[in-house]
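Fold and geometry: a report
Here is what each chain is made of, one letter per residue.
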Amino acid sequence: MAKRKIAVMDLGSSEIRTVVLQIKGKKNYEIIGKGIESYAGFLNGKFLESEKLENAIKNSCLKAKKTSKFNFKELYVGIGGEFLIIRAEEVETAFLSIKKITQYDIDTLAEKADKWANNKKYTLISYNPVDFVLDEEKEVAQAVGLKCKTLKAVLSFEYAESEFIKQLNDIFKNVGLSSVNYISAPQAQLKTLLKQEAKKEIAAIVDCGYMSTYVLLGKNNGMLSLSSFNVGGGHLMGDLAKLIKIDFEQAEDLKKKAILTLDEEADGGYEVEIKGQAFEVPAGIVGDVIKARLNMICQLIQKAIDRANVNYPLYFPLFLTGGGISLIKGAKQYLQKELGRPVEILSSSAVALSKPYDSALAALCAYSVQKEIEMSYCFLAKLFGKW
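The notes below deal with the structure included here. The numbering scheme is per chain: residues are counted from 1 as the chain's sequence reads. Totals for whole chains, interfaces and linings use every residue, but because this is a predicted model, local features are given only for residues with pLDDT of at least 70 and side-chain atom pairs only at 80 or more, for both listing and counting. Heavy atoms from the whole structure form the basis of all side-chain values; hydrogens and water molecules are not counted.

Residues A331, Y334, L335 and L339 constitute the buried set of helix α9 (residues 331-339). All buried residues of α9 project into a common sector of 120° when viewed along the axis, lining one side. The contact rule is simple, with two residues in contact once any of their heavy atoms fall within 4.5 Å. Strands are runs of DSSP state E lasting at least two residues, helices are runs of H or I lasting at least four, and both sets are numbered from the N terminus onward. Those residues of α9 that are buried are in contact with α8 (283-308), β17 (318-321) and β18 (343-345). The cut-offs for exposure are 20% and 50% of the maximum accessible area for each residue type, with area from a 1.4 Å probe on protein chains only; residues under the lower value are buried, those over the upper are exposed, and the others partly exposed. In this description, the arc belongs to the directions extending from the helix axis to the C-beta atoms.

Shown next, in the form of structure tokens:
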């Protein structure tokens, strides 16, 4: 495949990040340009300061174009969990005789299962299989290429409100883009960051960002449940700033220094500068403030898991990612204690995007590269009559 470039945007909770990728292979790419623009973010599924959103998106794109020297007109855009609605649908079909399953068969099955196809309030972003059952007995993650006479499936459909998509479409048109492909960021994380062994039964990903957190439960490459709540790392820093009477930047620095322990008592302290003078804040006070907010986050995570109503045994790990709390030293162990299950930090293996804060963007990049290669393959297959 000839080397080509694509642009990918992550609408994060505090920053809009656009990167230009040079595709080098099936799972290999290089970031050759990027544009990062801070903005107000979103709350309750709505953009804050929406009148400034277009300018923030424009600036992010312009920076990416300038640093990459690539004037892109097409863009892959990740949609966060706060803007998505998930429906998992069961569907089945029977063939006249045993046949080899094709992608066309799966797409036909999806059309049959999509109960919101005529619902103008929502726009379908994508669908993905949770699992398949062939001839009433064989359960598989993927059915294409296998043979059967009856096919059952659980398919996961991801929707966004049509008004939300229209708002973004209008902005991207004004910015000068001719084509936008929307991607579910949680779906991209499930598909590209977790190994198959970790999601062959049930997997849970918690992405805690600056102002919000989403909790997804899925199996294989399909989501079964997705919910979000408006608490994130920014609230934790707000707690530190308010209770210790320091500014927000100092609170962020204190959050980075903090080391949580499971003991009731914590020794020592952390130095902060207030009006040019150095003061030591007791580690116990800092720990208590952070733990109080983590307790709230744990309760909300557990409520999301309970509402999902899926069999998710306590010995299955929870994968924590995002920049909100993942990098707080000791947070992983504290969540394990409060949730009563193993917790693992989830990040990408891509060197340039290897921090939990980068996991959504890394997943979107990997997912977009896969899509681009699949489209190239489909074009060649049609061209040479192999489709």
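Still to come is the rest of the account.
Sheet architecture is open: four strands sit in the order β7-β10-β8-β9, paired in antiparallel fashion. Looking at strand neighbours, the two that pair on one side only are β7 (84-100) and β9 (138-140), the edges of this open sheet. Taken pair by pair, the neighbouring strands of this sheet meet at an average axis angle of 30°, ignoring direction. Running at roughly 130° to β7, helix α2 (residues 103-113) makes contact with β7, β8 (122-134) and β10 (147-161) of the sheet. At least two bridges found by DSSP between two strands is the condition for calling them paired. The convention used is that axes are lines fitted to C-alpha atoms, helices contributing only their stretch in contact, and that angles between N-to-C directions extend from 0 to 180 degrees.

As a further point, take the sheet that holds strand β6 (residues 74-79). As summarised here, the arrangement of the five strands in space is β3-β2-β1-β6-β11, forming an open sheet in which the pairing is mixed. Bordering the open sheet on either side are β3 (28-38) and β11 (179-184), each of which pairs with just one other strand. Across this sheet, the average inter-strand angle for adjacent strands is 25°, counted without regard to direction. Summarising the sheet, β6 and β11 pair through six bridges and their orientation is parallel.

This part takes up the layout of surface pockets. Lining residues are those with an atom within 4 Å of a point, where the points come from a 1 Å grid over the protein atoms alone and group into cavities, where a 1.4 Å probe fits but cannot get out, or pockets, open sets with protein on both sides within 12 Å along at least five of seven lines. Grid points are joined across faces, edges and corners, and a volume is the space filled by probe spheres set on the points. As a volume, the second largest pocket reaches approximately 760 Å³. Together, 36 residues line the second largest pocket, and G209, Y210, G323, G324 and Y357 are the ones closest to its centre. At the level of secondary structure, the elements contributing two or more residues to the lining of the second largest pocket comprise β1 (4-11), β2 (15-25), β12 (203-208), β13 (213-219), α6 (233-244), α7 (248-257) and α10 (359-383). Here the element with the most residues in the lining of the second largest pocket is α7; it accounts for five residues. Grouping the constituent residues of the lining of the second largest pocket by class yields 13 nonpolar, 13 polar and ten charged. For this scheme, ten residues count as nonpolar: Ala, Val, Leu, Ile, Met, Phe, Trp, Tyr, Cys and Pro. Four count as charged, namely Asp, Glu, Lys and Arg, and the remainder, Gly too, count as polar.

Take the residue count of a helix, subtract one, and multiply by 1.5 Å to get its expected span. Under the 1.5 Å per step criterion, the end-to-end length of helix α3 (residues 162-175) is 20 Å for 14 residues, consistent within 8% with the ideal 20 Å. Buried residues of α3: S162, F164, I165, L168, I171, F172 and V175, and no others. Immediately beyond the C-terminal end of α3, within one or two residues, lies G176, with a positive phi of roughly 105°.

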